[in-house]
Amino acid sequence: MQESFILFYCLLFIVAFLYASVGHGGASGYLALMAIFAISPAIMKPTALLLNLFVSSTSFIQFYRGGHFKWKTFWPFALASIPLSFIGGMMAIESSIYKKILGVLLLIPVIRFFFFKNTDPKDLKPSNIPLSLAIGGIIGLLSGMIGIGGGIILSPVLLLLKWTDQKQTAAISAAFIFVNSVAGLGGQLIKGFEFNSHMLAYVGVAFAGGICGAYFGALKFPQTVLKNVLACVLALAAYKLLFTHA
């Protein structure tokens, strides 16, 4: 049992580091990790959202300091997503269905990391407010239901639409994850939820990993290797959630 906890904390640090290095809070990774270690969905959702708050805020600060945040692109997504993330946080989903939905959502960043290359600045286009509001609302509802910040869905959308480059996407996603996580936790509070007795340790480990990942990802080195490693980890977790009964 002691070895199991040590392994969990080591993996939690690595997941937080990898996600923060590409501007994500890491909820999808934390959820996959907790599913593998047989933590119940009732604990998984609020735990992942709480960890998101610490890691995404750290990531956002580093990318913001690097001059990559675009408020004009960010605010329509956030405006629509916040109330719907709150509503989603109050929804209860049966455990097996929850894991299947999570497994599908984990495939989105895998596709993004393997197939979406950085956008050339000369190819960037202005964002569209009505479309941003619609996309933000849909992502917000899904985020609250599953217990994620929504960055894994928003990031490939931004890149596909060519509204932001890689690091602008990371900065906007980090801010989006933070506000959605706050809203989702609010919905969880209204519904009522249980905290795991190890919550403070989870937060401490994830926060340390997030600080390191955000610093190196935003300021120090290219992200190609980290993205590929993270994509492989998520692909394995998605397979486990979709095709096994663990």
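Being a predicted model, the structure only gives us computed values, none of them experimental. (Residues numbered from 1 in each chain as written. Predicted model: local features only at pLDDT ≥ 70, side-chain atom pairs only at ≥ 80, totals over all residues. Heavy atoms only, no water.)

## Describing the overall build of the chain
Helix and strand counts for the chain come out as 10 helices and 0 strands. Along the chain direction, N to C, the helices and strands of the chain fall in the order α-α-α-α-α-α-α-α-α-α. Within the span of the chain, comprising 246 residues, buried residues form 53% of the whole. Split by element, the accessible area of the chain, about 10,600 Å² in all, is 74% carbon and sulfur. (Helix = DSSP H or I, 4+ residues; strand = E, 2+ residues; numbered from the N terminus. Buried < 20%, exposed > 50% of the residue type's maximum accessible area, 1.4 Å probe, protein only. Areas by Shrake-Rupley, 256 points an atom, 1.4 Å probe, with all protein chains shown as cover.)

## A short note on the packing of aromatic side chains
The final tally for this structure, using the stated rule, is 12 aromatic pairs. Both rings, one in Phe 8 and one in Tyr 202, keep their centres 5.2 Å apart while their planes meet at 50°; by these two values the pair is tilted. With Phe 8 in helix α1 (residues 2-21) and Tyr 202 in helix α9 (residues 199-219), this pair connects stretches of sequence that are 194 residues apart. Among the residues examined, Phe 8 registers a relative accessible area of 4% and is labelled buried. (Phe/Tyr/Trp six-rings, centres within 6.5 Å; stacked < 30°, edge-to-face > 60°.)

## Overview of the UniProt feature "transmembrane region" (unreviewed entry) in the chain
Taking the UniProt record as the reference, the feature "transmembrane region" (unreviewed entry) is found at residues 6-23, 30-54, 74-93, 100-117, 129-159, 171-193, 199-218 and 225-243. The span residues 74-93 is 80% helix and 0% strand, and its two end C-alpha atoms sit 29 Å from each other. (UniProt positions renumbered as here; feature names shortened; annotations may be inferred.)

## Looking at the packing of helix α4 (residues 71-89) against helix α8 (residues 166-191)
Orientation of α4 relative to α8, taken along the N-to-C sense of each, is 20°, at an axis distance of 7 Å. Classed by the angle they form, the pair α4 and α8 counts as roughly parallel. In the packing of α4 onto α8, the handedness of the crossing is right-handed. Every residue of α8 that contacts α4 at Thr 73, Phe 74, Phe 77, Ala 78, Ser 81, Ile 82, Ser 85, Phe 86 and Gly 89 is listed here: Ile 172, Ala 175, Phe 176, Val 179, Asn 180, Ala 183, Gly 184, Gly 186, Gly 187, Gln 188, Ile 190 and Lys 191. In terms of residue class, the contact of α4 with α8 is built from 11 nonpolar, 9 polar and 1 charged. (Axes fitted to C-alpha atoms, helices over the stretch in contact; angles between N-to-C directions. Parallel < 35°, antiparallel > 145°, perpendicular 65-115°, else oblique. Left-handed = near helix turned anticlockwise from the far one by under 90°. Contact = heavy atoms within 4.5 Å. Nonpolar A, V, L, I, M, F, W, Y, C, P; charged D, E, K, R; others polar.)

## Structural notes on α4
Between its first and last C-alpha atoms α4 spans 25 Å; for 19 residues at 1.5 Å apiece the expected length is 27 Å, and the two agree. Taking the largest bend as the criterion, α4 deviates by roughly 35°, centred on Ser 81, and proline Pro 83 comes between one and four positions later. Looking at the packing, one finds that the buried side of α4 touches α3 (41-65), α6 (129-146), α7 (151-161) and α8. (Expected span 1.5 Å × (residues − 1). Bend = angle between axes of the 7 residues up to and from the residue.)

## Notes on the nonpolar core
Residues Leu 12, Tyr 30 and Leu 31 are the most contacted members of the largest nonpolar core, which totals 58 residues. The dominant element in this core, judged by the number of residues it contributes, is α3, at 9 residues. (Core = buried A, V, L, I, M, F, W, Y, C linked by side-chain atoms within 4.5 Å.)

## Section: α7
Within α7, 8 of the 11 residues are buried, which leaves the element mostly enclosed by the surrounding structure. Looking only at α7, the buried set comprises Gly 151, Ile 152, Ile 153, Leu 154, Ser 155, Pro 156, Leu 158 and Leu 159. A positive phi of about 60° marks Lys 162, the residue just after α7.

## Looking at the packing of α7 against α8
Contact geometry of α7 with α8 gives a least axis separation of 9 Å together with a crossing angle of 145°. When you trace α7 past α8, the crossing you get is right-handed. Two secondary-structure elements touch here, α7 through Gly 151, Leu 154, Ser 155, Leu 158 and Leu 159 and α8 through Gln 166, Thr 169, Ile 172, Ser 173, Phe 176 and Ile 177. For the contact of α7 with α8, the residue count by class is 6 nonpolar, 5 polar and no charged.

## Concerning a nonpolar patch on the surface
Together, Leu 84, Phe 86, Ile 87, Met 90, Met 91 and Ile 190 make up a nonpolar patch on the protein surface, roughly 470 Å² of accessible area in all. The element best represented in the nonpolar patch is α4, accounting for 3 residues. Relative to the assigned elements, Met 91 resides in the loop between α4 and α5 (95-115). (Patch = residues over 30% accessible without salt bridge, like charges linked within 9 Å, V, L, I, M, F, W, Y side chains within 5 Å. Salt bridge = Lys/Arg side-chain N within 4 Å of Asp/Glu carboxyl O.)

## Topic: the environment of Phe 74
Inspection of the secondary structure puts Phe 74 in helix α4. A relative accessible area of 6% places Phe 74 in the buried class. For Phe 74 and Ser 127, which are 53 residues apart along the polypeptide, the C-alpha to C-alpha distance reads 9.4 Å. Setting aside chain neighbours within four positions, we find Phe 74 in contact with Phe 69, Ile 172, Ala 175, Phe 176 and Val 179.

## Description of the confidence of the model for the chain
Low-pLDDT stretches of the model should not have their predicted coordinates read in fine detail. Residues of the chain with pLDDT of at least 70 account for 86%, and the chain-wide mean is 80. Confidence scores differ between elements of the chain, with helix α10 (residues 224-243) showing the lowest mean pLDDT of 72 and α4 the highest of 93. (pLDDT = per-residue confidence, 0-100.)

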